[in-house]
Amino acid sequence: MPEVYDISELSTRVPDPPVSHLTIAEKAEMEFGALTNEKYLVSSQYDPNRGLKGQILDEPPYYVVITTYLSYLFLIIVGHIKDFFGMKFTPKYYKALIGKNGYPPWYSSFESFYPRRLKKRLDDCFARPIHGVPGRYVHCFNRVTPDYNDTFYYDGTSKPCLNLSSYNYLGFAQSVGICTDDSIEAVKKYGVSSCGPRNIIGNTDLHTKTEQILAQFLGKEDSVIFSMGWGTNAHLFTSLVNSKCLVISDTLNHASIRFGVRLSGAAVKVCPHNDMEALEKILKESISQGQSKSHRPWKKILVCVEGLYSMEGTYCNLPELVRLRDKYKFYLFVDEAHSIGAVGKRGRGICEYYGIDPNKIDLLMGTLTKSFGAAGGYVSGDKKIIDRLRLDITAQTYSETIPPAVLQQISTSLRIIAGELNGNEGQLRLQRITFNSRYLRLGLKRLGFIVYGADDSPVVPLLLYNPAKMPAFSRMMLDRGIAVVIVGYPATDVISSRIRFCMSAALTKEDIDDILAACADIGDKLNLKFSSGIAGGEKHPGDYKKGIRPRWTIQEVLATTADDCLVEMY
């Protein structure tokens, strides 16, 4: 349970210098750290000679699993006891759960139990208000709670923290630089707001130009841009499939995909994550049996996957998916929300990472929020498909267009990544995020943490398991000036709570040194270092097979890990 603070302590805090008083050079350094050594640059590219490695999942000791379940059981029992006695003796605090004057309660105690008794205990770790640009540093407002997270009090001061909580993968979310300058010019030319629903008003030349640049960048014939990434998936599938179609969805697909598929009315089958044998079995059965009632052939079979899974940090097995597509003639949809711009030697996503022709994928979807420092989503594919989507997708009808400044941000950042602007700046950003991702992941593994994900993935999940360790880790990192994201049920399995580090090219190698040092200290205090070494991070080759678990010290990790990340060795 969070500590009950004395509100008077707010008055003792010294406000940070206003961000507006910083010079342009100081702002730039706060938002995007300068490269300190040119050797810390690595390209993200799959090597077919090494073969595709499946993710090796390290498992915690049995006592960690057992104590995690017991912790949840204890919280649930105590919560129900508090509810039982609370509604009898202090009903004023349970008004929403008690019927009055013949009216039923707003909601039952059971359906509201999780947010009241479990999530509320760590609400101070969620939705922390910030100000300024979420670049290399983010400014978190200081707040305290006198009533166990029922209310929060602010004094206007804030704390600059190293930012591992934003999807600013390439560091384009800046208040200074060519992207900002171009966006300001777009506002002067086109105005501040969007022009209204695009099916009524139509496109500006900036919309058309940005869509063309995006299609060229992706290697597809055409693309269409929408104002919201989540809404893109939510509205897309009603235009693609109906009740006589089958959608096969990876079990870890994003909620927006699942929502959109349900909205379409199509039949759905779920495939275990990245299990290609299970997928082929589902395909064989579905093709041979046909529709469930009539047994007629499916009008369309659509397989939906993500390029980079945002909770696990894993890549889809695209080479095998393409092989199955060629064999069984289904349609393939790839959500590249997290992989586009951050993966591949030139930032062109999962297709470039594997060296696969983008035309082997029927539809590429992605968001423009993460790597491009903007907002919105897109769908890219053959021109005839995109033209049809422009006519009937409901995301066009019921939403506003993207504002001109945001469109210009997308266009300029795309051209920088493609090497058309600012020389090799785009390539440097791509190489920096690859090195940073490898360095943090390998460093955490060597320190003894269980870490998921592919080596080059900018999403680095560190497993915590025990529910009490989620708020403890988050608060201790904040005290050290590091902003992180904690994730638990229902976004993950009950016992798979984690810290999700979101890597950025804006961070320097020295920043990651500080992060690793903080993690090493907190990991010792919270007893989080129970990796077996099976997934990497062994101190000596063969330690795992020999049953030996020598740990790296933080000094050894900082001295050796960076150079080891420059070669394809793990």
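Residues numbered from 1 in each chain as written. Predicted model: local features only at pLDDT ≥ 70, side-chain atom pairs only at ≥ 80, totals over all residues. Heavy atoms only, no water.

### Some details on the packing of helix α16 (residues 469-479) against helix α17 (residues 509-526)
Definition in use: To define axes, lines are fitted to C-alpha atoms, for helices over the stretch in contact only, and angles between the resulting N-to-C directions are given on a 0 to 180 degree scale. Elements are defined by DSSP. Helices are runs of H or I of four residues or more, strands are runs of E of two residues or more, and each kind is numbered from the N terminus. Working rule for handedness: look at the near helix, and if it is turned counterclockwise from the far one by less than a right angle, call the crossing left-handed; if clockwise, right-handed. Contacts are assigned to residue pairs with any non-hydrogen atoms lying within 4.5 Å of each other. The residue classification treats Ala, Val, Leu, Ile, Met, Phe, Trp, Tyr, Cys and Pro as nonpolar and Asp, Glu, Lys and Arg as charged. All others, Gly included, are polar.
Orientation of α16 relative to α17, taken along the N-to-C sense of each, is 145°, at an axis distance of 11 Å. Every pair of crossing elements has a handedness; the one defined by α16 and α17 is right-handed. Two secondary-structure elements touch here, α16 through Lys469, Ala472, Phe473, Met476 and Met477 and α17 through Ala518, Cys519, Ile522, Lys525 and Leu526. For the contact of α16 with α17, the residue count by class is eight nonpolar, no polar and two charged.

### Overview of the domain arrangement of the protein chain
Rule in force here: The domain boundaries here were taken from an automatic or database domain assignment. Accessible-area loss on putting two parts together, using a 1.4 Å probe and summing over both, is the definition of buried area adopted here. When a carboxyl oxygen of Asp or Glu is within 4 Å of a side-chain nitrogen of Lys or Arg, the pair counts as a salt bridge.
On domain assignment, one finds that the protein chain holds domain 1 (24-60 + 126-163 + 426-565) and domain 2 (178-418). Each partner contributes to the interface: domain 1 provides 23 residues, whereas domain 2 provides 22 residues. When domain 1 packs against domain 2, the two sides together hide about 1900 Å² of surface, and 58% of this comes from carbon and sulfur. At the junction of domain 1 with domain 2, the criterion picks out one salt bridge.

### What to know about the nonpolar core
Note the cut-off: The set of buried Ala, Val, Leu, Ile, Met, Phe, Trp, Tyr and Cys residues whose side-chain atoms join them within 4.5 Å is what this entry labels a nonpolar core. Remark: exposure states derive from per-residue accessible area (1.4 Å probe, protein chains only) relative to the maximum for the residue type, with buried under 20%, exposed over 50%, and partly exposed in between.
Counting residues in each nonpolar core, the largest one holds 105 residues, and the members touching the most others are Leu318, Leu440, Leu444, Phe473 and Phe501. Both of domain 1 (24-60 + 126-163 + 426-565) and domain 2 (178-418) provide at least three residues apiece to this core. Leave out the neighbours within four places in its chain, and leucine 440 touches Leu164, Val460, Phe501, Met503, Ile512, Ile515 and Leu516. Counting residues in each nonpolar core, the second largest holds 21 residues, with Phe237, Leu240, Ile257 and Val261 among its members.

### Things to note about the pattern of salt bridges
For the structure shown, the criterion picks out 32 salt bridges. A salt bridge links lysine 188 to glutamate 185, with the nearest nitrogen and oxygen atoms 3.6 Å apart. Of this pair, lysine 188 and glutamate 185 both sit in helix α4 (residues 178-190), three residues apart, which is roughly one turn of the helix. Between arginine 446 and aspartate 564 there is a salt bridge, with its nearest N and O atoms 2.7 Å apart. One end of the pair, arginine 446, is in helix α15 (residues 425-447); the other, aspartate 564, is in helix α19 (residues 554-564), and 118 residues separate them in sequence. On the accessibility criterion, arginine 446 (7% relative accessible area) is buried.

### Observations concerning the confidence of the model for the protein chain
The criterion, for reference: Confidence per residue, as judged by the predictor, is encoded in pLDDT with a range of 0 to 100.
In the predicted model, the protein chain carries a mean pLDDT of 89, and the fraction of residues at 70 or more is 93%. When the criterion is pLDDT under 50, residues 1-5 qualifies, and its contacts beyond four places in sequence or with other chains add up to 15 contacts. Scored below 50 in pLDDT, residues 196-201 shows 16 contacts in the model against residues more than four places distant or in partner chains.

### What about the packing of α15 against α17?
Under the convention used in this document: Between 65 and 115 degrees an angle is taken as roughly perpendicular, under 35 as roughly parallel, over 145 as roughly antiparallel, and anywhere else as oblique.
The contact between α15 and α17 brings their axes to 10 Å, and the two run at 20°. Here α15 is positioned roughly parallel relative to α17, judged by the angle of their axes. The interaxial crossing formed by α15 with α17 has right-handed handedness. Along the contact surface, α15 presents Phe435, Asn436, Tyr439, Leu440, Gly443, Leu444 and Leu447, while α17 presents Lys509, Ile512, Asp513, Ile515, Leu516, Cys519 and Ala520. Here the contact of α15 with α17 is built from residues that sort into 10 nonpolar, two polar and two charged.

### Re the environment of leucine 97
On the secondary structure map, leucine 97 appears in the loop between α2 (62-89) and α3 (113-118). Residue classification places leucine 97 among the buried residues on the basis of a relative accessible area of 11%. Each C-alpha atom, one on leucine 97 and one on methionine 87, is 8.3 Å from the other, the two residues being 10 residues apart in sequence. Beyond its immediate chain neighbours, meaning those up to four positions away, leucine 97 contacts Met87, Pro105, Tyr107, Ser108, Ser109, Ser112 and Arg116.

### What to know about the pairing of strand β8 (residues 331-335)
Under the convention used in this document: By definition, the crossover connecting two strands over a helix is right-handed if that path, from the first strand to the second, turns clockwise as seen with the strands pointing away from the viewer. One bridge is not enough; two strands pair if DSSP finds at least two bridges between them.
Within β8, four of the five residues are buried, leaving the element largely enclosed by the surrounding structure. Handedness of the crossover is the feature at issue here: the chain leaves strand β7 (residues 300-306), passes through helix α10 (residues 318-328), returns alongside β8, and the resulting connection is right-handed. Examined bridge by bridge, β8 and strand β9 (residues 363-367) share three bridges and lie parallel to one another. Bridging across to β9, aspartate 335 finds its partner in methionine 365.

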